[in-house]
Amino acid sequence: MNQFSLSGIDRIALMETFVRIVDAGSLSAAAAQLGTSQPTVSRRLQALERALGLKLLQRTTHVMTLTDDGQRCYTHAKALLDNWQGIEQDLRGATEEPRGVLRVLAPHAFGQEQLITPLLAYLRRFPAMTVQWMLNDRRPDFIAEGIDCAIQVGSVTDPSVVAIQLAEVPRIVVAAPSLLAGRAPPATAAELHALPWLALSTFYLNEVALSRQADGKMHRFAIQPRLITDSLYAIRNGALAGFGAALVSTWIVLEDIRQDRLLHLAPDWQGLPLPVYLVYPQASFYPARLLRFLDMMRLAMAQLHGTRRPGAGRAGKF
């Protein structure tokens, strides 16, 4: 038996555990991502080090660093895993039935409301799949957190990821009738200046920018918001309570407008639409569970109530 024999233990699994430890930054984080215990991850690391006859990691109470041998092993292991996964994908074919767990990060409001329909359609179509649906408006660290993909509303600035635009979300200005105290609703952008305002800090804070739908003319003006929040639900509730006007995603206020709880102000003017992207880390191959999720989201997203195809403009579906 040579030095690389692992007595029946899957060598590729050990390499995968080692890569996950390095990417996650700790044994406990790797164990959480792999769905196992920290002692199990530690035993796998020790088994790999014994098989190779090398020390791969230096660990203290608070710090974990790669040795020179560990760095070389990590580079080779990443390439090995990419090649192995590519072989699996090629042999199983693009029609492979997705199975396993897909970890998705989605915006809190959008993921709780609009995206539930295509998510459930994905789960119905692929019964062997489990989706971990995490709702948060932050940008993910894909590798450290073990996240497969994210739905992101707003611009994507990270050059290291793949970003596929799925749709765009129109935005309009709304306010409660009580805010106007019997006055006629503003019909032009200039009339909005004097109103109290609420700010959605994720997308605007001290300035509102509107575009006239007829010709694309821009109009900007400064605001001093009474309420600043990063929650779309909170800004809607503040508007309903009459505390100020707000620039919000159309989908969240459509029913409020129909029921006259909110008024659509300056209807010829809108905020610039927010792009919706599916974002995932670059890799040499992608598993079927991610590819099928991307396919379904592409088809479903622009059909959702309150979204439209990218660049659809006025012809888009509100």
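Above this note sits the structure.
Residues numbered from 1 in each chain as written. Predicted model: local features only at pLDDT ≥ 70, side-chain atom pairs only at ≥ 80, totals over all residues. Heavy atoms only, no water.

Draft legend 1. Molecular detail of the nonpolar core. Within the largest apolar cluster, 64 residues are counted, with the highest numbers of intra-cluster contacts made by I151, L192, W197, Y204, L210, F293 and M301. Here the element with the most residues in this core is strand β6 (residues 161–175); it accounts for eight residues. Here this core spans two domains, and each of domain 2 (100–168 + 275–302) and domain 3 (169–273) adds at least three residues to it. Ignoring anything within four residues of it in the chain, the contact list for Y204 reads R171, W197, L198, A199, I223, I235, A246 and L247. If you look at the next biggest cluster of nonpolar residues, it comprises 20 residues, including F18, A47, L52 and L56. (Core = buried A, V, L, I, M, F, W, Y, C linked by side-chain atoms within 4.5 Å. Buried < 20%, exposed > 50% of the residue type's maximum accessible area, 1.4 Å probe, protein only. Helix = DSSP H or I, 4+ residues; strand = E, 2+ residues; numbered from the N terminus. Domains from an automatic or database assignment. Contact = heavy atoms within 4.5 Å.)

Draft legend 2. How the structure looks around helix α11 (residues 288–301). Given a rise of 1.5 Å per residue, 14 residues ought to cover 20 Å, and the 19 Å separating the end C-alpha atoms of α11 matches this to within 8%. Regarding α11, the residues found buried are A288, L290, R292, F293, L294, M296, M297 and M301. (Expected span 1.5 Å × (residues − 1).)

Draft legend 3. Quick look at unusual backbone geometry. One non-glycine residue, D260, lies in positive phi territory at about 65°. For D260, the location among the structural elements is in the loop between α10 (250–258) and β12 (263–265). Look at D260 and you get exposed, because its relative accessible area is 55%. Unlike most non-glycine residues, A266 shows phi in positive territory, near 45°.

Draft legend 4. View of the pairing of strand β8 (residues 207–212). Sheet topology places β8 next to strand β9 (residues 218–222); five bridges connect them, and they run antiparallel. Directly across from A209, in β9, lies its bridge partner R220. Adjacent in sequence and paired antiparallel, β8 and β9 are bridged by five residues, among which G216 carries a positive phi angle near 80°. Sheet topology note: the β8/strand β13 (residues 269–281) ladder contains three bridges and is antiparallel. (Pairing = 2+ DSSP bridges.)

Draft legend 5. Region of the structure containing the environment of D295. Within the element layout of this structure, D295 appears in helix α11. Take D295: its relative accessible area is 34%, and that puts it in the partly exposed class. A sequence separation of 125 residues divides D295 from P170, and the C-alpha atoms of the two residues are 23 Å apart. Here the side chain of D295 touches R292 through a polar contact of 3.3 Å, side chain to side chain. (Polar contact = N/O pair within 3.5 Å; in protein donor to acceptor, adjacent residues only side chain to side chain.)

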